[in-house]
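In case you want the letters, here they are:
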Amino acid sequence: IKALQEHGKVNITCVCRNEGKSIVEQRDGLVIHRVETNTWSRKFASVRGIKKLILYVQRIINDVINFYNYPDSNKKYSRKLYRELEFINQTHPIDAIVATYMPFQTVSAAIMFKDKHNNVPVVGYFLDTMRGKKLPFVSRQRYLKICDKAEHNTFAKLDRIILMKYAEYM
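As the structure is a computational prediction, the values presented were derived from the model and not from experiment.

Cut-offs and rules
Residues numbered from 1 in each chain as written. Predicted model: local features only at pLDDT ≥ 70, side-chain atom pairs only at ≥ 80, totals over all residues. Heavy atoms only, no water. Patch = residues over 30% accessible without salt bridge, like charges linked within 9 Å, V, L, I, M, F, W, Y side chains within 5 Å. Areas by Shrake-Rupley, 256 points an atom, 1.4 Å probe, with all protein chains shown as cover. Salt bridge = Lys/Arg side-chain N within 4 Å of Asp/Glu carboxyl O. Helix = DSSP H or I, 4+ residues; strand = E, 2+ residues; numbered from the N terminus. Axes fitted to C-alpha atoms, helices over the stretch in contact; angles between N-to-C directions. Parallel < 35°, antiparallel > 145°, perpendicular 65-115°, else oblique. Left-handed = near helix turned anticlockwise from the far one by under 90°. Contact = heavy atoms within 4.5 Å. Nonpolar A, V, L, I, M, F, W, Y, C, P; charged D, E, K, R; others polar. Expected span 1.5 Å × (residues − 1). Buried < 20%, exposed > 50% of the residue type's maximum accessible area, 1.4 Å probe, protein only. Pairing = 2+ DSSP bridges. Lys, Arg positive; Asp, Glu negative; His and termini not counted.

Caption draft 1: Highlighting a nonpolar patch on the surface. A cluster of nonpolar residues, Ile-50, Leu-53, Ile-54, Val-57, Ile-61 and Ile-65, forms a patch on the protein surface that exposes about 580 Å² of accessible area. As for its placement among the helices and strands, Ile-50 is situated in helix H3 (residues 50-65).

Caption draft 2: Layout of the packing of helix H4 (residues 75-91) against helix H5 (residues 105-116). Packing of H4 against H5 brings their axes to within 8 Å, and their N-to-C directions diverge by 50°. Relative to H5, the element H4 lies oblique. Seen from above, H4 lies across H5 with right-handed handedness. Residues Tyr-77, Ser-78, Arg-79, Leu-81, Tyr-82, Leu-85, Glu-86 and Asn-89 of H4 touch H5, and the partners they reach there are Gln-105, Thr-106, Ser-108, Ala-109, Ala-110, Met-112, Phe-113 and Lys-116. When the residues that make up the contact of H4 with H5 are grouped by side-chain class, the tally is eight nonpolar, five polar and three charged.

Caption draft 3: H5, seen in detail. For H5, built from 12 residues, the straight-helix expectation of 16 Å at 1.5 Å per residue is met to within 8% by its first-to-last C-alpha distance of 17 Å. Of all the 12 residues making up H5, nine are buried; the element is thus mostly covered by neighbouring parts of the structure. For H5, the full list of buried residues reads Gln-105, Thr-106, Val-107, Ser-108, Ala-109, Ala-110, Ile-111, Phe-113 and Lys-114.

Caption draft 4: Quick peek at the pairing of strand S3 (residues 30-36). Burial within S3 is extensive, with six of its seven residues counted as buried. Where strand S2 (residues 23-27) lies against S3, five bridges are found, and the strand directions are antiparallel. Counted as the bridge partner of Arg-27 is Leu-30 from S3.

Caption draft 5: How the structure looks around the pattern of salt bridges. Across all of its chains, the model carries one salt bridge by this definition. Here Asp-159 and Lys-114 are joined by a salt bridge, their closest N and O atoms 3.1 Å apart. One end of the pair, Asp-159, is in the loop between helix H6 (140-157) and strand S6 (160-163); the other, Lys-114, is in helix H5, with 45 residues separating them in the sequence. The class for Lys-114 is buried, based on a relative accessible area of 11%.

Caption draft 6: Structural detail: the side chain of Glu-86. Note that Glu-86 resides in helix H4. We note that Glu-86 is buried and unpaired, the nearest opposite charge coming from Lys-116 at a distance of 4.2 Å. With residues near it in sequence (within four places) discarded, Glu-86 still touches Phe-113, Lys-116 and His-117.

Caption draft 7: How the structure looks around the sheet that holds strand S5 (residues 122-126). Taken in spatial order, the three strands make up an open sheet running S4-S5-S6, and their pairing is parallel. In the strand order of this sheet, the two ends are held by strand S4 (97-101) and S6, each with one partner. Along the sheet, successive strands turn relative to each other by an average axial angle of 20°, direction set aside. Here S4 runs beside S5; their pairing, made up of five bridges, is parallel. If you follow Tyr-101 over to S5, its bridge partner there is Phe-126.

Following this line, the structure appears as structure tokens:
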């Protein structure tokens, strides 16, 4: 960010997640839009007994339902990020997006934005491969096949990809 700012007059806006409410703040001249993520973990930590078991079962059911949406297993959050990008674009037109993977929802929101605004280049900055935690009800081979397909489909939609140096060894 500092290198881009030193290079010329560049307005950089950060859109990221927040465990609490959605807020907009400013740090060192950088505007940060924090979008509320899934509140499941806060709910899970605050309850006990049978309610905790119910939340845990709901989470498993949600994972099963969203399995074939992999890697975008939290579409609700992706849509929130996308709406925030549209809101920012109305006030300050977006020239380019650099979306980081981890979580994947930032990349998913950027791809949704690109689908509507084709002239905006989207760069994916991948901190890791898409092979995260394997779901317990899926075989390892099936899981890897789904991961490979998801990576191919995602990379094909991006204009450029930046990988971490150590990723070449994985």
